[in-house]
Amino acid sequence: MQPPTLLPLGAAAALLLLLAVAPTPAASRHHHPAAASAAGTETLDVAASLSRARAALSTDAAVSLHQSAAAAAVGTHKRSPRSRKGAGAASLTLRLHSRDFLPEEQGRHESYRSLVLSRLRRDSARAAAVSARAALAADGVTRLDLRPANASAVFAASAAAIQGPVVSGVGQGSGEYFSRVGVGSPARELYMVLDTGSDVTWVQCQPCADCYQQSDPVFDPSLSASYAAVSCDSPRCRDLDTAACRNATGACLYEVAYGDGSYTVGDFATETLTLGDSQPVGNVAIGCGHDNEGLFVGAAGLLALGGGPLSFPSQISASTFSYCLVDRDSPAASTLQFGDGAAEPTTVTAPLLRSPRTSTFYYVALAGISVGGQPLSIPPSAFAMDATSGSGGVIVDSGTAVTRLQASAYAALRDAFARGTPSLPRASGVSLFDTCYDLSGRTSVEVPAVSLRFEGGGAALRLPAKNYLIPVDGAGTYCLAFAPTNAAVSIIGNVQQQGIRVSFDTAKGTVGFTPNKC
């Protein structure tokens, strides 16, 4: 072994001087990634994220996305549909895009700050509804108990009085990522929101008594050779939380009620769905909405990815699926995939937990959080799920944007992050964000690393800086993208999931997080 090299006295003194004036962990300069990792910091590329933020207001990106999606669909739906039982989910792949690049979303905001505030309003409604649904399930309240005041009259009405599903989901909050899905035979390409917090897939349908604006023509089931009503004695009708029959036809009627009082009521049917260039999948149970108000502006409906028996993964017997969510300010696409994927050495694996009271949500066994490489002092009870009632726990949700943490856990994270950023100028809070910074004029900054640790003793999931310090205007104001909640359940949102392939394996009971695998 070579003996250590000794510095001359003058060089040693110079080195000590440099160390004395070295920047704090949140300094505004570039660092080599390895050095940042060793120091417990992450580099935030301020210039790149601001550039994406400003470009998100451009209409050119949405037009290009719409044209490329339409072109990609040409010639992909000329195959014979497979039955639900023989679907072979391993070959199903969908391209995902951010909601804000739907053509109807473009030009609606004069500034990036206006766009962010709109996102946060939607997100507050979404997080509140998810928390309420989880809490009601834990309390043993069924969706039948949540029937709206006029539901009895609706369910008792004759066939002539029921036009179709009545959907009121403004309070539920909308999904934030969408894809092109072929519906019917022949397939009609529609923009569909993807949602891991829902079990019933639905589309707006003609005749349309009251439909919101969508990018594509409204689906007409009379033009589809594969559309068929579900009968009352069907197992799928019995899988619904609340169901009834049309008196005249014996067709299944369904009702889905949410924790905030919003609901959907109507006929249940089966249809053929085509995902990307995959073979069509027949006999999928969906809702066909004739009266829909303010739920998903631009998108035609929802593709349900929850854990219940009527969700799309359950209907095609897919025990594994994964998605990677692109940056919400980017028009680029990533993918939703059904079936096993190749194992990656960088994958962080966590136990998948299921509530004893509801099968919809995907819970993960979060053990703790680290900031700047140091574990936070957070009691395990902040993340634990009650094994009997299902109260509490941590949900991984594609539709919620900002991660919600128990108030004490959030305070510990916020205070540790603030201590690690003494050199960054603070800015006023914005909406639900209370920890913000003025990074105008800077090209990059070093900030404390934030990592999620899961039960099982494996590696922690280290988040990129852009997944937790995000721009809220086009001028350089950035905020810590976590928020406190008084609800029993915590939620890992899609801002923290961006650029990470999230995989669910219900057979093995695991959730995988693979960075940089879009």
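Rules and cut-offs
Residues numbered from 1 in each chain as written. Predicted model: local features only at pLDDT ≥ 70, side-chain atom pairs only at ≥ 80, totals over all residues. Heavy atoms only, no water. Helix = DSSP H or I, 4+ residues; strand = E, 2+ residues; numbered from the N terminus. Buried < 20%, exposed > 50% of the residue type's maximum accessible area, 1.4 Å probe, protein only. Areas by Shrake-Rupley, 256 points an atom, 1.4 Å probe, with all protein chains shown as cover. Disulfide = S-S within 2.5 Å. 1 Å grid on protein atoms, 1.4 Å probe; cavity = no way out; pocket = protein on both sides within 12 Å on 5 of 7 lines; lining within 4 Å. Points joined across faces, edges and corners; volume = space filled by probe spheres on them. Pairing = 2+ DSSP bridges. UniProt positions renumbered as here; feature names shortened; annotations may be inferred. Polar contact = N/O pair within 3.5 Å; in protein donor to acceptor, adjacent residues only side chain to side chain. Core = buried A, V, L, I, M, F, W, Y, C linked by side-chain atoms within 4.5 Å. Domains from an automatic or database assignment. Contact = heavy atoms within 4.5 Å. Arc of directions from axis to C-beta. Axes fitted to C-alpha atoms, helices over the stretch in contact; angles between N-to-C directions.

**Q** Explain the overall build of the protein here, please?
**A** Helix and strand counts for the protein stand at 10 helices and 32 strands. Sorting the 518 residues of the protein into buried and exposed places 54% on the buried side. Carbon and sulfur atoms make up 55% of the accessible area of the protein, which amounts to about 20600 Å² in all.

**Q** Hey, could you run me through the state of the cysteines in this one?
**A** Simply put, the disulfide is a covalent bond whose two ends are the sulfur atoms of two cysteines. Evaluated as defined, the whole model comprises five disulfides. At a sulfur-sulfur separation of 2.2 Å, the disulfide partner of Cys-237 is Cys-252. Across the S-S bond linking Cys-237 and Cys-252, the dihedral sits near 85°, which makes this disulfide right-handed. In this pair, Cys-237 sits in helix H7 (residues 235-239) while Cys-252 sits in strand E9 (residues 252-257), placing the two residues 15 residues apart along the sequence. According to the relative accessible area criterion, Cys-237 is buried, its value standing at 5%. Bridging Cys-324 to Cys-518, the disulfide has an S-S length of 1.8 Å. Its S-S torsion of approximately -60° makes the covalent link between Cys-324 and Cys-518 left-handed. Within this pair, whereas Cys-324 is found in strand E14 (residues 320-324), its partner Cys-518 is found in the segment after strand E32 (510-515), the two being separated by 194 residues in sequence.

**Q** Please explain empty space enclosed by the protein as it appears in this structure.
**A** Gaps left between atoms show up when a probe the size of a water molecule is rolled over them. Applying the stated criterion across every chain yields a total of six cavities of 30 Å³ or more. As a volume, the largest cavity reaches approximately 210 Å³. What lines the largest cavity is a set of 17 residues, and nearest its centre among them are Tyr-112, Arg-119, Asp-329, Ile-470 and Pro-471. Taken together, the elements giving at least two residues each to the lining of the largest cavity come down to helix H3 (46-55), helix H5 (112-138) and strand E27 (469-471). Among the elements that take part in the lining of the largest cavity, H5 stands out by supplying four residues, more than any other.

**Q** What exactly am I supposed to notice about the sheet that holds strand E23 (residues 436-438) here?
**A** In a beta sheet, neighbouring strands are held together by backbone hydrogen bonds and run either parallel or antiparallel to one another. Read across the sheet, four strands follow the order E22-E23-E28-E27 without closing on themselves; strand pairing throughout is antiparallel. Each end of this open sheet is capped by a strand with a single partner; those strands are strand E22 (426-427) and E27. Inspection of the sheet shows E23 paired to strand E28 (residues 477-480) by three bridges, in the antiparallel sense. Across the sheet, Asp-438 pairs through a bridge with Thr-477, a residue of E28.

**Q** Is there a simple way to think about the UniProt feature "active site" (unreviewed entry) in the protein in this case?
**A** When the UniProt feature table is mapped onto this chain numbering, "active site" (unreviewed entry) sits at Asp-195 and Asp-397. Of the residues just listed, which span 203 residues, no C-alpha pair is farther apart than 7.8 Å, and they cluster in one region. With respect to the helices and strands, Asp-195 occurs in strand E5 (residues 188-195). Separated by 2.8 Å, the side chain of Asp-195 and the backbone nitrogen of Gly-197 make a polar contact. Relative accessible area serves as the criterion here: at 0%, Asp-397 is assigned to the buried category.

**Q** Quick question: what am I supposed to make of the nonpolar core here?
**A** Nonpolar side chains in soluble globular proteins tend to be buried together. Within the largest apolar cluster, 76 residues are counted, with the highest numbers of intra-cluster contacts made by Phe-338 and Phe-513. With six residues, helix H9 (residues 407-419) is the largest single contributor of residues to this core. Among the domains, domain 1 (42-54 + 111-124 + 343-517) and domain 2 (157-316) are the pair contributing at least three residues each to this core. Every residue in contact with Phe-513, bar those within four places of it in the chain, is listed here: Thr-346, Thr-347, Val-348, Ala-350, Val-396, Phe-454, Leu-461, Ile-500, Arg-501 and Val-502. Counting residues in hydrophobic clusters, the runner-up holds 18 residues, among them Ala-56, Leu-115, Ala-401 and Val-430.

**Q** Before we go on, may I ask you to explain H3 in this structure?
**A** Because the α-helix completes a turn every 3.6 residues, residues three or four places apart line up on one side. Looking only at H3, the buried set comprises Val-46, Ser-49, Leu-50 and Ala-53. All buried residues of H3 lie within an arc of 100° about the axis, which places them on one face of the element. Turning to H3, the residues buried within the fold contact strand E1 (41-45), H5, strand E24 (444-448), E27 and E28.

**Q** Please explain the environment of Gly-289 as it appears in this structure.
**A** With respect to the helices, strands and loops of the structure, Gly-289 is situated in strand E11 (residues 281-289). Residue Gly-289 is classed as buried on the basis of its relative accessible area, which comes to 2%. The sequence separation of Gly-289 and Cys-208 amounts to 81 residues, and the corresponding C-alpha distance is 7.8 Å.

**Q** What is the right way to look at the sheet that holds strand E19 (residues 374-375) in this model?
**A** The strand order across the open sheet formed by four strands is E19-E18-E25-E26, and the pairing between neighbours is antiparallel. Edge positions in the open sheet fall to E19 and strand E26 (461-462), since each of these has one partner strand only. Two elements, strand E18 (residues 366-371) and E19, share two bridges in a ladder whose sense is antiparallel. Each residue of the ladder has a partner; that of Val-371, found in E19, is Gln-374. Across the sheet, H9 lies against E18 and strand E25 (450-454), angled at about 20° from E18, the strand it touches most.

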